[in-house]
Amino acid sequence: MNAKDTAAIRRRLARTSRRGFLMLAGAATLAACSSGPEVGAPQAALPAPALPPDPNAGLGSGTPIALILPLGASGNAGAVALSLRNAAEMALSEFAGARIRLIVKDDGGTGPGAQAAAQQALDEGARAIIGPLFAHSVGAAGQVARQRGVPLVGFSTDTNVATQGVYLLSFLPQTDVERAIRYAAANGRRSFAGLVPDNAYGSVVEAAFRETVPAVGGRVVGLERYGAGQYAEAARRLAASVAQADAVFLPDAADTVPQILQAMAAAGVSLGGKQLIGTGLWDDAKLFANPAVNGGIFAAPDPAGFRAFAARYRARFGREPVRTTTLSHDAVSLMAALVNGYGETGITDAAIQNPSGFAGVDGIFRFRADGTNQRGLAVMQISSGTTQIVSPAPRSFAQG
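Residues numbered from 1 in each chain as written. Predicted model: local features only at pLDDT ≥ 70, side-chain atom pairs only at ≥ 80, totals over all residues. Heavy atoms only, no water.

Brief notes about the environment of Ala207
So, step 1. Of note, Ala207 is situated in helix α6 (residues 200-215).
So, step 2. By relative accessible area, which is 44% here, Ala207 ends up partly exposed.
So, step 3. Linking Ala207 and Gln174, residues 33 residues apart in sequence, is a C-alpha distance of 8.3 Å. (Helix = DSSP H or I, 4+ residues; strand = E, 2+ residues; numbered from the N terminus. Buried < 20%, exposed > 50% of the residue type's maximum accessible area, 1.4 Å probe, protein only.)

Some thoughts on the pattern of salt bridges
So, step 1. Scanning all chains against the criterion turns up 16 salt bridges.
So, step 2. Measuring nitrogen to oxygen at the nearest pair gives 2.7 Å for the salt bridge that ties Glu233 to Arg236. Remark: Arg236 and Glu233 occur in helix α7 (residues 231-244); sequence separation between them is three residues, near one turn of the helix.
So, step 3. The class of Glu233 is partly exposed, set by a relative accessible area of 38%.
So, step 4. A salt bridge links Arg314 to Glu320; the nearest nitrogen and oxygen atoms lie 3.3 Å apart.
So, step 5. A relative accessible area of 36% places Arg314 in the partly exposed class.
So, step 6. A cluster of three or more residues bridged by salt bridges with shared partners is formed by Asp198, Glu206, Arg210 and Arg225. (Salt bridge = Lys/Arg side-chain N within 4 Å of Asp/Glu carboxyl O.)

Thoughts on the packing of helix α5 (residues 173-186) against α6
So, step 1. Contact geometry for α5 and α6: axes closest at 9 Å, N-to-C directions at 35°. Taken as a pair, α5 and α6 cross one another with a handedness that is right-handed. Judged by residue contacts, Pro173, Gln174, Val177, Glu178, Ile181 and Arg182 of α5 engage Tyr201, Val204, Val205, Ala208, Phe209, Thr212, Val213 and Ala215 from α6.
So, step 2. Here the contact of α5 with α6 is built from residues that sort into ten nonpolar, two polar and two charged. (Axes fitted to C-alpha atoms, helices over the stretch in contact; angles between N-to-C directions. Left-handed = near helix turned anticlockwise from the far one by under 90°. Contact = heavy atoms within 4.5 Å. Nonpolar A, V, L, I, M, F, W, Y, C, P; charged D, E, K, R; others polar.)

So, the nonpolar core
So, step 1. Residues Ile100, Leu102 and Phe367 are the most contacted members of the largest nonpolar core, which totals 40 residues.
So, step 2. Elements that contribute at least two residues to this core include exactly β3 (63-69), α2 (75-94), β4 (100-106), α11 (325-342), α12 (349-352) and β14 (363-367).
So, step 3. It is α11 that contributes the most residues to this core, nine residues altogether.
So, step 4. Leave out the neighbours within four places in its chain, and Phe367 touches Val153, Tyr167, Leu168, Leu169, Leu334, Ile352, Gln353, Phe358, Thr372 and Asn373. (Core = buried A, V, L, I, M, F, W, Y, C linked by side-chain atoms within 4.5 Å.)

Thoughts on the confidence of the model for the protein
So, step 1. Overall, the predicted model of the protein reaches an average pLDDT of 86, with 85% of residues at or above 70.
So, step 2. Between residues 1-57, whose pLDDT stays under 50, and residues either more than four places distant or in other chains, the model counts 167 contacts. (pLDDT = per-residue confidence, 0-100.)

Here we look at the packing of helix α3 (residues 111-123) against helix α4 (residues 135-147)
So, step 1. Axis separation between α3 and α4 bottoms out at 8 Å; the angle between their running directions is 35°. With respect to the hand of their crossing, α3 and α4 are arranged in right-handed fashion. Contacts from Gly111, Ala114, Gln115, Ala118, Gln119 and Leu122 in α3 reach His136, Ser137, Ala140, Ala141, Gln143, Val144 and Ala145 in α4.
So, step 2. Classifying every residue of the contact of α3 with α4 gives seven nonpolar, six polar and no charged.

Below is the structure:
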């Protein structure tokens, strides 16, 4: 692999997924992906990143907090893990007077590794766990954490592993769907048709779509699913329903949406005057350049927060951060705020579930009792090869 190839891979990593925090309940400064599928299994094509001299070395001083990441994994997983670790270090340096010490553990990207890392960190006195990255790792570490009565804030997007005491800080697809559908309904859209992928992500967004549309006074006039590459037949089945709809939901990736639109055109479907709606998977410059999606909307964090964070990250580490790097920064800052505000015993379920929430790099968020989260997102509209904010992200949960 030459230098050009490596640079291209790094650029792709920096785009793959979404500073200090302000706790809305107090005045503590903290630090916080477009939602989408989790980072896949390690890919051998990408060389393993250079690790710190000692990946298990502690960072900072004070109350011990575990940081569990797949630092030793190959490919994308290891690269993402290193970016998350860097962001954790950055958060400690940016949080004035932070009184926490990070116990960094490598889970190797496996469930057994995460379980062992959690046990080791808790034996060393960790009062909370940040990470791991993957669903199976969060589930394994979460079992250990719950047995010991220690909260965990992980980075998986799979809500099946969330529960009381095991919280997910990631951007969840359900939030994208609800925000965009509510905006469309507020702007007069009442009849919704959808074409969704026949996979786990499709199941999640379909459920959110079916729940949100009637909740905002709309109706689902048609919904079809398609397997990989099987767009034509699904488009034909949906054609009559699209004719009745004034909004069309297409929750797939930037490489796939144009193919779906071509299949719909071939099936005689006219999308004129209909609101196209996507999810965070649409947050990709490749899609913005396609005139067929001009006017389409999707929910995402206000990009200004990440731009400022990325500039600081580049200045410190000399490379682009992976898009989800803000999650680690925010999680560390959250723990620092809780300890600084309430002492070593202040990291509790009640504190983490503060209904006023927290404000981070990518906007406001709060945790539910079931371990999932709510995010305050903006609605973005694709226009002439770029995007513009047509509905700003709320600044507090009191706004709605």
